[in-house]
Amino acid sequence: MRLGLSIVIILLLLASVFSSFYLNYHIVLGDDNCILMYALAVKDEKEGMLIPFRICIEASSTNKIIIYSHGSIAKDVIASFVISSLITQLELGQNRNYTISIEILSNESAKGPSAGALIAVALTSLIVKESINGSITGFINIDGGIDAIGGLIPKVKVAIKNNITRIAIPVFNYLESVYGLKLLLDNAIVEPVASIIDSYEFLAKREMVKNYTLLRCNPLINESFFNISLNLEKLTKNILNKLENKVDTSEITKYLSYAELFRKNGKTYIAASMAFISYIRALESLCNIEGYEHIKKLKEKTRSIINETLNILKNLNMNTDISFILGIEVLRRLADANTMLAEAEKASSAKEIYSITAYAYARALSAKQWLQVLENVIRSSIGRNIRNNLWFLELEKFANYTIDSVSEIITLEELKIPSIIQKAPRNKELLWKAALARYVIDTISSMVRASSFRSIEKTLPYLKDKLLKTFIINVSKALELRLSKLQRIGVDVTIPMFYLDYSNDVISIGFYEAAITSLIHAAGVTLTLEFMHSLAHIPEVELEFEQSRTAGLVNLEEIRLPTIVLLTIVLTGEAICTVYLILIFSRR
């Protein structure tokens, strides 16, 4: 009899362990390779709902994502899963193949990219093998930053209603809805998060171990930008002499002082950027004074620089990773300058014409200066040879997924792809294709980030500055992890490092929008290098509708009844066990 009761006790204890997962039902760990999480969603743009996701991961010979769905699934959902899984693996330094299965346990149609953040933290939990508690919503951008999503308040409401006590939301949504959120909160903690890693740390209630390497700057490239900043300052001062006592030049001199300050601190790229802005401002003022004849000459000079730089670029032999990266940067600036010239022709007011033409000329001049850096790099044989000949195909696939991820809100027409990068010259198809893919990736990612930034314009300045600074720092740290991995295998990371430094340093002068945009540029270059050196691979995607393993929506109300029954059984069993033990010991 004692043996029988002992078995009952063991079974009851096992049942209590099993039930503990269900009592906190918003996350259920099935085994080491799977996790069940509840995504925050909105139905009919008003009503919040929870949708269960079962996410599993296992080592594999190829990279693959299998998506099981019981309802229709939009392409922006698929794209968000691909982007989130790729960026997560890169941030965690996982250069191995996985088969990731994502099962959407709902009959509802799946649309929108806001489950991207949930997929990212779920995969992080599975890879580092630590459990998490709560839920998250957000759009994963290419820098690992979590951008704003729609329908926040209904999503938070339904989470709180269903006893989810830890909810991670994008910083931008938090700033936009801070007052509305305060009215909702009871026992729940709603945390503004910036990146995949700090989202995971909030939901896991623990800090992740990170492997940073001190990033090194190439002295030759650094010196090149030192000289560029000096040259731009000289050009600006020449214009200032012509403007003396004619216009207010305080804005121009302010940026010149920034350029000098950053150059003294060894931040040569930022110094060049500040000198570039001062030069544009000076050119605009000069155009306003000298009028249409000056604009006409400036347009001719711009076209001349574009053609001359383009011809040189076409004939350069770019065999290394860093030379190729610089080639893309030159081509992008030439495309910008050419586009701005076309925009100037359409402008209706003289002020617009002057401003756009001044920017076009300065951008063309910048392309010419970056070309000089490229020529220095080629002469000095800096960089590593690219052994992966198909890397640009991966970049193109990623560009297509980037388009798909915003297909409901941004059209291809809005991208306005510059004509220069659409027409590839013979023997330079690879450079032009890579530049086109990067243009798509960077432009869409920047548009998403700009939309997030616009959503917080009316937020309290102190709160906005504080949280944006946190956002920039946390996303920068995630990018540093990826650059550290590249540097450890011998890759020159100077260019993405310049963009990253810019993001972190210009917040000291209040350039928040420029800082968060520069994170996108840093990520674009970083991703290109990761594809070049086979650290990033686009997974193959399979959609399964008929083979879904669990039919229908998991209704949370239905889960509660068995939980209560199970809890009652456990408590009753514990009472019986207690009485049994008392009887045994009393007989002794």
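Above this text you will find the structure in question.
As a starting point, this report considers the structure included with it. Quick caveat: nothing in here was measured; it's all calculated off a predicted structure.

## Notes on unusual backbone geometry
A positive phi is found at K205, a non-glycine position, where the angle reads about 60 degrees. Summarising the element assignment, K205 is placed in the loop between α7 (196-204) and α8 (219-243). A positive phi is found at N245, a non-glycine position, where the angle reads about 65 degrees. Relative to the assigned elements, N245 resides in the loop between α8 and α9 (250-264).

## Thoughts on the packing of helix α10 (residues 268-290) against helix α11 (residues 292-315)
The geometry of α10 relative to α11 is characterised by a closest axis approach of 6 Å and an angle of 130 degrees between their N-to-C directions. Classed by the angle they form, the pair α10 and α11 counts as oblique. Residue-level contacts link L283, L286, C287 and E290 of α10 to Y292, E293, H294, I295 and L298 of α11. Residues of the contact of α10 with α11, tallied by class, amount to 6 nonpolar, 1 polar and 2 charged.

## Some details on the environment of E251
As for its placement among the helices and strands, E251 is situated in helix α9. Assessed through its relative accessible area of 34%, E251 is described here as partly exposed. Along the chain, E251 and S278 lie 27 residues apart, while their C-alpha atoms are 7.7 Å from each other.

## Focus on the sheet that holds strand β10 (residues 189-193)
The sheet built from 3 strands is open, its strands ordered β6-β9-β10 with parallel pairing. Unpaired on one side and paired on the other, β6 (135-136) and β10 mark the two borders of the sheet. Of the strand pairs in this sheet, β6 and strand β9 (residues 166-170) are connected by 2 bridges, and their pairing is parallel. By the bridge assignment, S135 is partnered in β9 with I167.

## Concerning the nonpolar core
Judged by nonpolar contacts, the single largest core of 201 residues is most densely connected at F53, I55, F81, I167, M274 and I495. In terms of residue count, helix α13 (residues 350-379) provides more of this core than any other element does, 15 residues in total. With residues up to four places along the chain from it excluded, the contact list for F53 reads I35, L36, M37, A39, F81, I102, E103, I104, A115, L118 and I119.

## Considering the packing of helix α12 (residues 321-346) against helix α16 (residues 429-454)
To characterise two packed helices, one gives the angle between the axes of the helices and the distance between these axes. Interhelical geometry of α12 versus α16 gives an angle of 65 degrees and a closest axis separation of 9 Å. Our classification of the angle between α12 and α16 gives roughly perpendicular. α16 is crossed by α12, and the crossing has right-handed handedness. Residues F324, G327, I328, E329, L331 and R332 of α12 form the contact with α16, whose own contacting residues are L430, L431, W432, A434, A435, R438, Y439 and D442. Looking at the contact of α12 with α16 residue by residue, the classes come out as 9 nonpolar, 1 polar and 4 charged.

The rules behind these values
Residues numbered from 1 in each chain as written. Predicted model: local features only at pLDDT ≥ 70, side-chain atom pairs only at ≥ 80, totals over all residues. Heavy atoms only, no water. Helix = DSSP H or I, 4+ residues; strand = E, 2+ residues; numbered from the N terminus. Axes fitted to C-alpha atoms, helices over the stretch in contact; angles between N-to-C directions. Parallel < 35°, antiparallel > 145°, perpendicular 65-115°, else oblique. Contact = heavy atoms within 4.5 Å. Nonpolar A, V, L, I, M, F, W, Y, C, P; charged D, E, K, R; others polar. Buried < 20%, exposed > 50% of the residue type's maximum accessible area, 1.4 Å probe, protein only. Pairing = 2+ DSSP bridges. Core = buried A, V, L, I, M, F, W, Y, C linked by side-chain atoms within 4.5 Å. Left-handed = near helix turned anticlockwise from the far one by under 90°.

Purely geometric stuff here, so don't read any function into it on its own.
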